[in-house]
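Summary of the model geometry
What follows is the residue order along each chain.
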Amino acid sequence: MFTTLSLKNFKGWANTGDIRLAPITVFFGTNSSGKTSLLQSILLLKQTAAASDRRRVLHAGDDRSLIDLGTPADLLHGRNTDAVLHQCLSWTLPDGSDKPLLVAGSPVKELTFSVDVRLTAEGQPFVEGFLYKAGNIEIGVKRKGDDEYDLFARGFSLNRRRGRAWPLPPPVRFYGFPDEAVNYYKDLDWLPDLALALERQLARVHYVGPLREYPKRSYLWAGDRPESVGTRGELAIPALLAARADRRTIGYGSGKGTRYKEFEEVIADRLKTMGVIHDFRTVQLGPHRKDYEVRVKRTAASTEVLVTDVGFGVSQLLPILVQCYYAAPGSTVIFEQPEIHLHPKVAADLADVLIDASEVCGVQFIVESHSEHFLQRLQRRIAEERTTEANVALYACDVVEGVSEIADLNVDEFGNIRNWPKDFFGDPVGDAAARAKATIARRKKLA
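Structure report, in brief. Just so it is clear, the model here is predicted, and its values are computed rather than measured.

Turning our attention to the overall build of the protein chain. For the protein chain, the count of helices and strands is nine helices and 22 strands. Against the compact-globule benchmark of 22 Å for 447 residues, the protein chain has a radius of gyration of 25 Å, which places it among compact chains. Referenced to the eigenvectors of the C-alpha coordinate spread, the extents of the protein chain come out at roughly 90 × 70 × 45 Å. Counting only contacts in the protein chain whose residues sit at least 6 apart along the sequence, the fraction spanning at least 24 positions is 58%. When the accessible surface of the protein chain is split by element, carbon and sulfur atoms take 48% of a total near 22300 Å². Taking the average location of the 58 positive side-chain charges in the protein chain and that of its 58 negative ones, the two points are 3 Å from each other.

In structure tokens form, the structure reads like this:
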């Protein structure tokens, strides 16, 4: 699970400071206030780590990537090409690994990675330096000249092998030690494990964007197991069918009192509890066929129809629900405005889904939202002790004189926000007062 994020000179952000990331982290704020950029900073690293070109420092995106952020210059605050782009992430390593990560011979449970990137005169990114921190140990590389780097460490001594002190070549992508680092120094066989730990953490990130695909009258599934529902939710039904084929269940309770529900049953129960539909099922259109239909009943007395024949909200909600429970334990799911096209009550109920999936599935959620109803449900559940203020991190983003700023919403154990920003969700009191004033004036006019 990611525990902190900090950025400098990234898009609208001059300096975010350290942002605490909880099991459920939600960014609220005005349009174009930098909320989306916070999510994009993680996705930028993910798609770069997954790129086939090991020499590519940052993959800003194209029509096949998770996100497209334009050119490297577009990544920099104010498009200042002389600025240093700084990104830093901390995360806890998942439990249950047969081979714990060893750094200088000691097992570690949490890592911090930071990188500084600059642009050449031609506008191409290069690594100024990067650093891994594990407890009291730090190790990284820093640039000393064109395509030349030095290794440095704190907390233990580097022991260089005999021979000419050749400089190191550039890093692999933005985070990988070159092979020469292990060859030039003694007792550093664990260096590649640091890069591998970062790659694995980024691979556990899944993203669902704000606009999901329209429902279809039929779906094709040939037995594949998608990693996620896709950025537009286009793989929600294949993911659901894969979970069914694997007989995946969700466990509730602990010890002997644990009860298990089938994956599809959990999704159907959620849709019913949220009042979206009464019944939901996927049906194969014949033996040995790859065609499936999604059939629903709006109420108990309704006729069963295809998902295309009910409200648009079902198709927008379904990928969110499937992704919440489909993600593997230790995953981080990023949702961008999951409440789009949803009724306010359903948007509020989404908060309960995230609380439930975070607890029973061990999944972290990082969310951008505009929904006051979603926020109020989180506050209510904290007050009801269904979750805690430690498990929820809430932030308000705004723009002040062209620079994005972030405020940590201070939530107490009763769900109250002690530092509620002015006009956070508009000005309902002002609107009510203006309406009352207009009513009085109109009545006088009609008298």
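Attention shifts here to the nonpolar core. Ranked by internal contacts, the top residues of the largest apolar core, which has 68 residues, are Tyr132, Phe174, Phe177 and Leu194. Grouped together as the second largest cluster of nonpolar side chains are 64 residues, Val276, Val296, Leu321 and Val392 included.

A few words on the state of the cysteines. Per the stated rule, a full pass over the model turns up zero disulfides. Of the cysteine sulfurs around Cys88, a residue in no disulfide, the closest is that of Cys397, at 18 Å. Cys324 provides the cysteine sulfur closest to Cys361, a residue in no disulfide bond, and the two sulfurs are 8.6 Å apart. Using a relative accessible area of 9% as the deciding quantity, one classes Cys361 as buried.

So, about empty space enclosed by the protein. Using the criterion set out here, one finds three cavities of 30 Å³ or more in the structure. Of the volumes computed, that of the largest cavity is approximately 150 Å³. Lining the largest cavity we find 15 residues, and of these Glu213, Tyr214, Tyr219, Gly233 and Ser315 sit closest to its centre. With three residues, the top contributor of residues to the lining of the largest cavity is helix α6 (residues 312-326). Looking at side-chain class alone, the lining of the largest cavity contains eight nonpolar, two polar and five charged residues. Empty space within the second largest cavity amounts to approximately 40 Å³. Every residue lining the second largest cavity is listed: Leu5, Leu7, Ser41, Ile42, Leu45, Gln87, Cys88, Leu89 and Phe113. Contributions of two or more residues to the lining of the second largest cavity are made by β1 (2-10), α1 (35-49) and β5 (85-92).

If you walk across this open sheet you meet the six strands as β12-β19-β20-β4-β21-β22, and the pairing is mixed. The open sheet is flanked by β12 (205-208) and β22 (403-408), the only strands paired with a single partner. If you compare each strand with its neighbour and ignore which way they point, the axes differ by 20 degrees on average. Strand direction decides the pairing type here: strand β19 (residues 332-336) and strand β20 (residues 364-368), joined by five bridges, are parallel. Its bridge partner being in β20, Val333 is matched across the sheet by Phe365.

Attention now goes to the layout of surface pockets. As a volume, the largest pocket reaches approximately 500 Å³. Lining the largest pocket are 25 residues, and of these Lys46, Ala50, Arg64, Leu66 and Glu227 lie nearest its centre. Secondary-structure elements contributing two or more residues to the lining of the largest pocket are α1, α3 (191-203) and β12. Broken down by class, the residue content of the lining of the largest pocket amounts to ten nonpolar, eight polar and seven charged.

What follows covers the side chain of Thr282. Along the polypeptide, Thr282 turns up in strand β16 (residues 279-284). On the basis of relative accessibility, which here comes to 7%, the residue Thr282 falls in the buried class. Only 2.3 Å separates the side chain of Thr282 from the side chain of Arg244, close enough to count as a polar contact. At 2.9 Å, the side chain of Thr282 forms a polar contact with the side chain of Glu264. Sequence-distant contacts of Thr282, that is, excluding residues within four places in its chain, are made with Leu240, Leu241, Arg244, Glu264, Glu293 and Val294.

Conventions adopted
Residues numbered from 1 in each chain as written. Predicted model: local features only at pLDDT ≥ 70, side-chain atom pairs only at ≥ 80, totals over all residues. Heavy atoms only, no water. Helix = DSSP H or I, 4+ residues; strand = E, 2+ residues; numbered from the N terminus. Rg over C-alpha atoms; globule rule 2.2 N^0.38 Å. Contact = heavy atoms within 4.5 Å. Areas by Shrake-Rupley, 256 points an atom, 1.4 Å probe, with all protein chains shown as cover. Lys, Arg positive; Asp, Glu negative; His and termini not counted. Charge placed at Lys NZ, Arg CZ, Asp CG, Glu CD. Core = buried A, V, L, I, M, F, W, Y, C linked by side-chain atoms within 4.5 Å. Buried < 20%, exposed > 50% of the residue type's maximum accessible area, 1.4 Å probe, protein only. Disulfide = S-S within 2.5 Å. 1 Å grid on protein atoms, 1.4 Å probe; cavity = no way out; pocket = protein on both sides within 12 Å on 5 of 7 lines; lining within 4 Å. Points joined across faces, edges and corners; volume = space filled by probe spheres on them. Nonpolar A, V, L, I, M, F, W, Y, C, P; charged D, E, K, R; others polar. Pairing = 2+ DSSP bridges. Axes fitted to C-alpha atoms, helices over the stretch in contact; angles between N-to-C directions. Polar contact = N/O pair within 3.5 Å; in protein donor to acceptor, adjacent residues only side chain to side chain.

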